[in-house]
Amino acid sequence: MASTDSRFAATSGAIGVFDSGYGGLTILRQMRQLMPQYDYVYLGDNARAPYGSRSFDVIYRYTLQCVEALFAQGCQLVILACNTASAKALRSIQQIDLARIDPERRVLGVIRPTVEAVCDMTQTRHVGVLATVGTINSGSYEMEIHKCAADIVVTGQACPMWVPLVENDEYDSPGADYFVRKRIEGILRTDPLIDTLVLACTHYPLLMNKIVKYTPPGVRIVPQGDYVSYSLRRYLQRHPEMADRCTTTGHCRFLTTEDPEKFTESATLFMHERVTAEHIEL
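Residues numbered from 1 in each chain as written. Predicted model: local features only at pLDDT ≥ 70, side-chain atom pairs only at ≥ 80, totals over all residues. Heavy atoms only, no water.

S.K.: I tried to follow the sheet that holds strand 3 (residues 77-80) on my own but got confused; where do I start?
M.R.: As a general point, the strands of a sheet are linked pairwise by backbone hydrogen bonds and lie either parallel or antiparallel. An order of 4-3-1-2-9-10 is seen for the six strands of this open sheet, with the pairing classed as parallel. Each edge of the sheet is formed by a strand with only one pairing partner; in this case those strands are strand 4 (106-108) and strand 10 (277-279). Recorded for the sheet is a direction-independent mean angle of 25° between the axes of neighbouring strands. Sheet topology note: the strand 9 (residues 252-256)/strand 10 ladder contains three bridges and is parallel. The residue of strand 10 that forms the bridge with Thr256 is His279. Helix 11 (residues 225-238) contacts strand 1 (15-19), strand 3 and strand 4 of the sheet and is inclined by roughly 155° relative to strand 3. Packed onto the sheet, helix 13 (residues 260-271) meets strand 2 (40-44), strand 9 and strand 10 and runs at close to 145° relative to strand 10. (Pairing = 2+ DSSP bridges. Helix = DSSP H or I, 4+ residues; strand = E, 2+ residues; numbered from the N terminus. Axes fitted to C-alpha atoms, helices over the stretch in contact; angles between N-to-C directions. Contact = heavy atoms within 4.5 Å.)

S.K.: It is not clear to me how the pairing of strand 7 (residues 196-199) should be interpreted in this structure. Could you clarify?
M.R.: A regular strand places its side chains on the two faces of the sheet in alternate fashion. Alternating residues of strand 7 divide into Thr196 and Val198 and Leu197 and Leu199, and every residue in both groups is buried. The sheet contact formed by strand 5 (residues 126-131) and strand 7 spans four bridges and is parallel. Along strand 7, the bridge assignment pairs Gly128 with Leu197. Where strand 7 and strand 8 (residues 220-222) come together, three bridges link them in parallel fashion. In the sheet register, Thr196 faces strand 8, and the bridge partner there is Arg220. Crossover strand 7 to strand 8 through helix 10 (residues 208-214) is right-handed. (Buried < 20%, exposed > 50% of the residue type's maximum accessible area, 1.4 Å probe, protein only. Right-handed = clockwise from strand over helix to strand, strands pointing away.)

S.K.: How should I be thinking about the sheet that holds strand 6 (residues 153-158) in this particular structure?
M.R.: Taken in spatial order, the four strands line up as 6-5-7-8 in an open sheet, and their pairing is parallel. Edge positions in the sheet fall to strand 6 and strand 8, since each has one partner strand and no second. Strand-to-strand, the axes of this sheet are offset by a mean angle of 20°, without reference to chain direction. The strands that helix 7 (residues 140-148) touches are strand 5, strand 6 and strand 7; relative to strand 6, the one it contacts most, it runs at about 160°.

S.K.: How do you make sense of the packing of helix 1 (residues 25-34) against helix 13 when you look at a structure like this?
M.R.: Between two packed helices, both the angle of their axes relative to each other and the distance between the axes serve to describe the pair. Relative orientation of the contacting elements helix 1 and helix 13 amounts to 55°, with a least axis distance of 9 Å. As summarised for this structure, helix 1 and helix 13 are arranged oblique, according to the angle between their axes. Note on packing geometry: the crossing formed by helix 1 with helix 13 is right-handed. Residue-level inspection shows Leu25, Thr26, Leu28, Arg29 and Arg32 of helix 1 in contact with helix 13, the latter providing Phe263, Ala267, Phe270 and Met271. Considering only residue class, the contact of helix 1 with helix 13 consists of six nonpolar, one polar and two charged. (Parallel < 35°, antiparallel > 145°, perpendicular 65-115°, else oblique. Left-handed = near helix turned anticlockwise from the far one by under 90°. Nonpolar A, V, L, I, M, F, W, Y, C, P; charged D, E, K, R; others polar.)

S.K.: Whenever I open this one, the environment of Arg100 confuses me. Can you help?
M.R.: Among the structural elements, Arg100 can be located in helix 4 (residues 90-101). Residues in contact with Arg100, not counting those within four places in the same chain, are Leu64 and Glu68.

S.K.: Teacher, can you tell me more about unusual backbone geometry here?
M.R.: What you tend to see is this: most non-glycine residues have negative phi, and most peptide bonds are trans. Residue Pro50 follows Ala49 across a cis peptide bond; omega there is 0°. For Pro50, the location among the structural elements is in the loop between strand 2 and helix 2 (56-72). Phi at Arg125 is positive, roughly 70°, even though this residue is not glycine. Looking at the element boundaries, Arg125 is found in the loop between helix 5 (111-121) and strand 5. Unlike most non-glycine residues, Asp169 shows phi in positive territory, near 60°. The topology assignment puts Asp169 in the loop between helix 8 (162-167) and helix 9 (174-190). Asp169 gets classed as partly exposed once you look at its relative accessible area, which sits at 48%.

S.K.: Whenever I open this one, helix 1 confuses me. Can you help?
M.R.: Structural remark: α-helix, 3.6 residues per turn; residues separated by three or four positions point the same way. Counting buried residues along helix 1, seven of its 10 residues qualify, which places the element largely inside the surrounding structure. Considered for burial, the residues of helix 1 that qualify are Leu25, Thr26, Ile27, Leu28, Arg29, Gln30 and Met31. Of the surrounding secondary structure, the elements contacted by the buried residues of helix 1 are strand 1, strand 2, strand 3, helix 11, strand 9 and helix 13.

S.K.: Where do I start with the confidence of the model for the protein chain in this structure?
M.R.: A low pLDDT means the predicted coordinates there should not be read in detail. Residue-level pLDDT values for the protein chain average 93, and 96% of them are 70 or greater. Note on residues 1-10: pLDDT is under 50 here. Beyond four places in sequence and across chains, it has 26 contacts. (pLDDT = per-residue confidence, 0-100.)

S.K.: Sorry if this is basic, but what is going on with the pattern of salt bridges here?
M.R.: As enumerated under the stated definition, the model contains 14 salt bridges in all. Where Arg32 meets Glu273, a salt bridge forms, and the shortest distance between an N and an O atom there is 3.7 Å. Taken as a pair, Arg32 in helix 1 and Glu273 in the loop between helix 13 and strand 10 lie far apart in primary sequence, 241 residues in all. The partner of Arg91 in a salt bridge is Glu144, with the nearest N and O atoms 3.6 Å apart. (Salt bridge = Lys/Arg side-chain N within 4 Å of Asp/Glu carboxyl O.)

Below, the structure written as structure tokens:
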């Protein structure tokens, strides 16, 4: 079980948002824009990031620790705003761990809401997925897309340099062009019929200027923030018992397993506002 820093108290009833690093802040920002009334606690496991190339067992263990830490903060509902964690840990946590921890709490991911939107968008029935190595190797997007529409052809492309470019503040540098262009040209060369590209990593929206630059006209680019946020709002509307357990004072806290000053500096880029982070020990 996670232990928390004694400098802060739990925020009972907040919606928890977890990511291995900073990328989930792009999801949190959209959630707060759509549903500003709710309280949120964001946890970035920056000390152990990135998760993308780690094994299934390690990702599952780290994700579970972070979910338990958010539960300890009073969160009744936790969003895994991390594609790698959603791909490799969500199902086990939902099917095994919640029954042990608290059957009344919920953990949701980002893959299903994205897939539901994509299946409605594609006209050619050819979809490309740009993601981390871990998400691509898991096959989660292909599996979930085929649950919605078995006829869709799914092509995945791992983009191992994209997260480091973002987290090292190089996402808008001339050097980023090479890595973005290489992966987009690669996936479209593999399947020229792709008309929809999923940005299946929450870091990737910060590379949007470069991605748009090298994506041909007629190919739709799908970031996740809007779709996950609207999906969460619909979920709370369908489950008023959970909505009633989520507090609504409009407060937001930021926790990190790394240096809080470093987190604060980088998080400001993602949130488009100044944030203050606190340290948490897992």
